[in-house]
Amino acid sequence: MQYPEPIAQLIESYMKLPGIGSKTATRLAFYTISMENDDVTNFAKALIAAKRDLHFCSICGNITEEDPCIICKDQSRDQSTILVVEESKDIMSMEKMKEYHGLYHVLHGVLSPIEGTGPEDINIAALLTRLQQHDNVKEVIVATNASSEGEATAMYLSRLIKPAGIKVTRLAHGLSVGADIDYADEMTLFKAVEGRTEI
Amino acid sequence: MILSELKLHNFRNYEDLSVDFSPGVNVLIGENAQGKTNLLEAVYVLALTRSHRTANDRELIKWQAHEAALTGRVEKQGGSVPLELIFSSKGKKAKVNHLEQARLSQYVGQLNVILFAPEDLYLVKGAPALRRHFMDQEFGQMSNKYLYNSGQFRTILKQRNQYLKQLQFKQQHDRVLLQVLSDQLAAYGAEIIVARAAFLKKLEKWAQTIHETVAQHKEELTFHYVTQVKLDEPSSVEAVYQQLLDLYLNNETKEIEQGSTQYGPQRDDLRFLINQKNVQTYGSQGQQRTTALSVKLAEIDLMREQTGEYPILLLDDVLSELDDARQTHLLTAIQNKVQTFLTTTSLSGIAQQLIQTPTIFNISHGTLTKEEPQ
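This structure is a prediction, so every number in the text was calculated from the model and none was measured. (Residues numbered from 1 in each chain as written. Chains lettered and ligands numbered in written order. Predicted model: local features only at pLDDT ≥ 70, side-chain atom pairs only at ≥ 80, totals over all residues. Heavy atoms only, no water.)

S.K.: Describe the overall build of chain A, listing the residues and the values that go with them.
M.R.: Counting its regular elements, chain A contains eight helices and six strands. When the helices and strands of chain A are placed in sequence order, the string is α-α-α-β-β-α-β-α-β-α-β-α-β-α. Since a compact globule built from 199 residues should have a radius of gyration of about 16 Å, the 22 Å found for chain A marks it as more spread out than a globular shape. Principal-axis analysis of the C-alpha atoms gives chain A an extent of 70 × 45 × 35 Å. When the 199 residues of chain A are sorted by exposure, 33% land in the buried category. Of the contacts formed within chain A by residues at least 6 apart in sequence, a portion of 48% connects residues at least 24 apart. (Helix = DSSP H or I, 4+ residues; strand = E, 2+ residues; numbered from the N terminus. Rg over C-alpha atoms; globule rule 2.2 N^0.38 Å. Buried < 20%, exposed > 50% of the residue type's maximum accessible area, 1.4 Å probe, protein only. Contact = heavy atoms within 4.5 Å.)

S.K.: Now, about the UniProt feature "binding site: ATP" (unreviewed entry) in chain B: what can you tell me, with residues and values included?
M.R.: This chain's UniProt record puts "binding site: ATP" (unreviewed entry) on B:Gly30, B:Glu31, B:Asn32, B:Ala33, B:Gln34, B:Gly35, B:Lys36 and B:Thr37. What B:Gly35 contacts, discounting residues up to four positions off in sequence, is B:Asn13, B:Tyr14 and B:Ile363. (UniProt positions renumbered as here; feature names shortened; annotations may be inferred.)

S.K.: Residue-level account of helix 6 (residues 237-250) of chain B, with values.
M.R.: Residue and element names in this part refer to chain B. With 14 residues, helix 6 extends 20 Å from end C-alpha to end C-alpha; this agrees with the ideal 20 Å at 1.5 Å per step. Looking at helix 6, one finds that the buried residues are Val-240, Tyr-241, Leu-244 and Tyr-248. Buried residues of helix 6, viewed axially, fall in a sector of 105°; they line one side. Facing away from the buried side of helix 6 by more than 90 degrees, the exposed set consists of Glu-238, Leu-249 and Asn-250. On its buried side, helix 6 packs onto helix 4 (144-168), helix 5 (175-214) and helix 7 (252-258). (Expected span 1.5 Å × (residues − 1). Arc of directions from axis to C-beta.)

S.K.: With reference to specific residues and values, describe the interface of chain B and chain A.
M.R.: In this assembly, 22 residues from chain B lie in contact with 22 residues from chain A. Surface buried jointly by chain B and chain A totals about 2,000 Å² across both partners, of which 61% is contributed by carbon and sulfur atoms. Across the chain B-chain A interface, the total number found is one salt bridge. Put simply, B:Asp183 and A:Arg159 hold a salt bridge, and the shortest N to O gap is 2.8 Å. Along the contact surface separating chain B from chain A lie seven residue pairs in polar contact (both at pLDDT 80 or more). Sorting the residues of the side of chain B that touches chain A by element identifies helix 4 and helix 5 of chain B as the ones contributing at least two each. Top contributing element to the side of chain B that touches chain A by residue count: helix 4 of chain B, with eleven residues. Looking at the side of chain B that touches chain A residue by residue, the class counts come to seven nonpolar, ten polar and five charged. (Buried area = accessible area lost by both parts, 1.4 Å probe. Salt bridge = Lys/Arg side-chain N within 4 Å of Asp/Glu carboxyl O. Polar contact = N/O pair within 3.5 Å; in protein donor to acceptor, adjacent residues only side chain to side chain. Nonpolar A, V, L, I, M, F, W, Y, C, P; charged D, E, K, R; others polar.)

S.K.: Tell me about the state of the cysteines, residues and numbers included.
M.R.: Under the criterion given, the structure shown has zero disulfides over all chains. A:Cys60 takes part in no disulfide bond, and the closest cysteine sulfur, belonging to A:Cys72, lies 3.6 Å away. (Disulfide = S-S within 2.5 Å.)

S.K.: Describe the nonpolar core, naming the residues involved and giving the relevant values.
M.R.: A general feature of soluble globular proteins is that nonpolar side chains tend to end up buried together. Residues and elements named next belong to chain B. Grouped together as the largest cluster of nonpolar side chains are 67 residues, with contacts concentrated most on Phe-223 and Phe-272. A per-element tally of this core places helix 5 first, with 14 residues. Ignoring anything within four residues of it in the chain, the contact list for Phe-272 reads Leu-123, Val-124, Arg-131, Leu-221, Thr-222, Phe-223, Lys-277, Asn-278, Val-279, Thr-291 and Val-295. The next biggest cluster of nonpolar side chains, apart from the first, holds 42 residues, and it includes Leu-6, Leu-8, Leu-39 and Ala-65. (Core = buried A, V, L, I, M, F, W, Y, C linked by side-chain atoms within 4.5 Å.)

S.K.: Explain the environment of A:Asp182 to me, and be specific about the residues and the numbers.
M.R.: With respect to the secondary-structure elements, A:Asp182 resides in the loop between strand 6 (167-170) and helix 8 (186-194). As for A:Asp182 and A:Asn37, which are separated by 145 residues in sequence, their C-alpha atoms are 53 Å apart.

S.K.: Kindly report on the pattern of salt bridges, identifying the contributing residues and their values.
M.R.: Residues and elements named next belong to chain B. If you walk through the whole model with that rule in mind, you get 23 salt bridges over all chains. Here Lys-296 ties to Asp-120 by a salt bridge, and the two come within 4.0 Å at their closest N and O atoms. Taken together, the residues span a long stretch of sequence, with Lys-296 in helix 9 (residues 285-307) and Asp-120 in the loop between strand 8 (113-116) and helix 3 (128-142) at a distance of 176 residues. When its relative accessible area of 5% is taken as the criterion, Lys-296 is described as buried. Across the pair Glu-305 and Lys-205 runs a salt bridge, and its minimum N-O distance is 3.5 Å. Of this pair, Glu-305 sits in helix 9 while Lys-205 sits in helix 5; the two residues are 100 residues apart in sequence, bridging distant segments of the chain. One salt-bridge network, held together by shared partners, links Asp-120, Glu-138, Lys-296 and Glu-299.

S.K.: Before we move on, could you go through the sheet that holds strand 6 (residues 91-96) of chain B and cite the residues and values that matter?
M.R.: All names here are of chain B. Overall, antiparallel pairing links the six strands, which are arranged 2-1-4-5-6-7 in an open sheet. With one partner strand each, in any of the chains shown, strand 2 (14-20) and strand 7 (99-100) form the two edges of the open sheet. Contacting strand 1 (2-11), strand 2, strand 4 (67-76) and strand 5 (79-88), helix 1 (residues 36-48) runs over the sheet at an angle of about 110° to strand 1. (Pairing = 2+ DSSP bridges. Axes fitted to C-alpha atoms, helices over the stretch in contact; angles between N-to-C directions.)

S.K.: How would you summarise the domain arrangement of chain A if you had to cite specific residues and measurements?
M.R.: Under the domain assignment, chain A is made up of domain 1 (5-53) and domain 2 (76-194). Here the C-alpha centroids of domain 1 of chain A and domain 2 of chain A sit 35 Å apart. (Domains from an automatic or database assignment.)

S.K.: Lay out the side chain of A:Arg77 in plain terms, naming residues and giving numbers.
M.R.: With respect to the helices and strands, the residue A:Arg77 is situated in the loop between helix 4 (70-73) and strand 3 (81-85). Residues contacting A:Arg77, with those up to four places away along its chain left out, are A:Ile71, A:Glu95, A:Tyr100, A:His101, A:Gly102, A:Leu103 and A:Tyr104.

S.K.: How would you summarise the packing of aromatic side chains if you had to cite specific residues and measurements?
M.R.: Residues and elements named next belong to chain B. This model, assessed by the stated rule, comprises nine aromatic pairs over all chains. Centre to centre, the rings of Phe-139 and Tyr-146 are 5.9 Å apart; their planes meet at 90°, and the pair counts as edge-to-face. Pair check on accessibility: Phe-139 and Tyr-146 agree, each one buried. When the centroid spacing of 6.4 Å and the interplanar angle of 70° are considered together, the rings of Tyr-148 and Tyr-188 count as edge-to-face. Placement of the pair is Tyr-148 in helix 4 and Tyr-188 in helix 5, with a sequence separation of 40 residues. The class for Tyr-188 is buried, based on a relative accessible area of 16%. Over the face of the ring belonging to Tyr-248 we find Arg-160, whose NZ or CZ atom lies 4.4 Å from the ring centre. (Phe/Tyr/Trp six-rings, centres within 6.5 Å; stacked < 30°, edge-to-face > 60°. Lys NZ or Arg CZ within 6 Å of the ring centre and 35° of its normal.)

S.K.: Can you break down a nonpolar patch on the surface residue by residue, with the values?
M.R.: Taken together, the side chains of A:Tyr3, A:Phe30 and A:Ile33 define a hydrophobic patch exposed on the protein surface, amounting to about 320 Å² of accessible area. With respect to the element layout, A:Phe30 can be found in helix 2 (residues 22-34). (Patch = residues over 30% accessible without salt bridge, like charges linked within 9 Å, V, L, I, M, F, W, Y side chains within 5 Å. Areas by Shrake-Rupley, 256 points an atom, 1.4 Å probe, with all protein chains shown as cover.)

S.K.: Account for helix 1 (residues 5-15) of chain A, naming residues and giving values.
M.R.: Residue and element names in this part refer to chain A. Those residues of helix 1 lying buried are Ile-7, Ile-11 and Tyr-14. Down the axis of helix 1, the buried side of the element spans an arc of 65°, and every buried residue falls inside it. In helix 1, the exposed residues that point more than 90 degrees away from the buried face are Glu-5, Pro-6 and Glu-12. Residues of helix 1 that are buried in the fold lie against helix 2 and helix 3 (37-53).

Listed below in structure tokens is the structure:
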């Protein structure tokens with residue numbers, strides 16, 4: 001026996017989400033049917049609104065309702081530093097810290113030939129244009145992940161940007177704050193010793 | 001280091017098995033297809049979290065079961081450590097002292113094993129890939145840094161080869177990214193080359209002593225690490241990195257035409273020389289086997305030098321492949337020193353006379369019975 005078409009379609013839609021397979025999708029679909037009418041309507045509206053009202057900021061690539069985004073529009077922020085991240089959600093993590101007051105740039109990915117992502121496939125060209133147009137930028141902080149792809153992307157950016165006389169920096173590797181040395185794995189410790197600082 | 005007990009649940013043909021091992025020589029006797037090698041494989045998997053027989057973990061789980069579990073207790077100088085490894089369709093979980101480890105690399109190294117299978121006798125005359133695999137396998141067990149570097153190297157090599165192909169077919173055009181990948185590859189490649197050279201120097205020293213006794217002082221065994229870069233004495237990572245980088249830079253166009261990486265440790269080889277002559281080309285069949293045996297036995301000593309403990313030795317059907325003189329040498333070298341597991345269809349001849357107080361297990365259809373000493 002097959003599922004009636006509406007529920008089959010709902011299952012298929014849920015399965016398009018990351019980390020959701022057929023079992024979870026079926027459970028979610030049946031739960032959706034048992035939900036209150038209002039809740040379902042709000043859910044559907046939220047989905048449509050998110051897609052309709054959110055755009056990528058034309059300057060930094062962050063998701064935003066208005067273009068340019070609040071951060072890019074905010075003149076009180078330090079205009080001389082740009083922090084480069086892989087994903088929009090990384091900006092949220094940085095903002096929670098409340099200590100960084102410069103600008104951002106979202107790459108929407110990292111360089112990975114295996115995944116088919118080359119320099120033209122991520123938001124690098126926009127960053128270069130940005131640096132050409134605003135010569136008051138003095139430092140670019142590369143905050144890609146500490147994976148080999150994140151590292152390659154950081155090195156790539158530094159090769160393009162450094163010749164223009166702009167300082168390029170990379171986040172530090174090492175121990176997490178408050179962590180016991182006991183609990184760190186050997187490679188983290190190795191990186192921490194390698195990147196030690198004078199006090 | 002001693003594996004004192006092993007429990008298996010739904011591993012290969014074992015549904016539930018619990019067995020205590022002796023610290024000396026454990027002999028696993030059984031007809032073909034009863035599970036001798038599966039048991040040896042279980043010890044290997046417990047040590048390294050993956051099998052030497054298959055790359056697919058799914059095969060380790062008993063037919064139609066969902067989950068396989070291996071537990072063992074390792075007695076070391078520091079005390080006794082329980083190890084646990086669980087395989088399921090979701091992947092594998094590793095526990096040391098009942099605590100789950102976030103990374104498998106934190107687990108590997110708790111139990112050190114050396115496996116000696118009939119294929120290892122081809123170490124000398126086989127393809128270079130076999131000898132590179134041998135180096136990566138053994139040095140990775142001794143050094144976490146080596147394990148990490150070779151893992152990173154493999155990932156970046158894949159990325160770089162893929163990118164070279166994309167450049168070859170004009171899907172990508174940016175040479176700067178190629179240079180970045182070359183830089184990363186050279187950095188990890190240099191670490192690997194220098195570490196291999198250093199480990200081989202130490203292994204050579206042990207192998208020489210062993211080989212001298214086997215060959216009754218008539219032969220001198222030396223190693224030669226074959227690489228595209230020049231290694232100074234002592235070799236520095238920085239110098240090798242620079243050489244690799246130059247090779248990549250000067251051969252950019254050639255590598256793009258070929259669509260693959262032509263330089264680096266993935267092309268290196270290890271050569272064995274007896275009295276300065278290459279054993280692979282000039283050695284007799286017997287010399288090739290003796291050399292392989294010496295190298296394998298040297299590993300035991302090197303592992304002790306590096307980790308402070310003797311590893312566990314797994315001999316998979318090797319005795320039948322060796323003549324009496326070599327069997328004698330192997331068995332005298334390991335007795336009263338290394339905990340050994342050996343599989344055989346029958347214990348007879350020289351082995352029976354030589355092994356003092358073996359603990360014998362009869363294996364039949366996935367069950368184990370310990371033979372009581374008479």
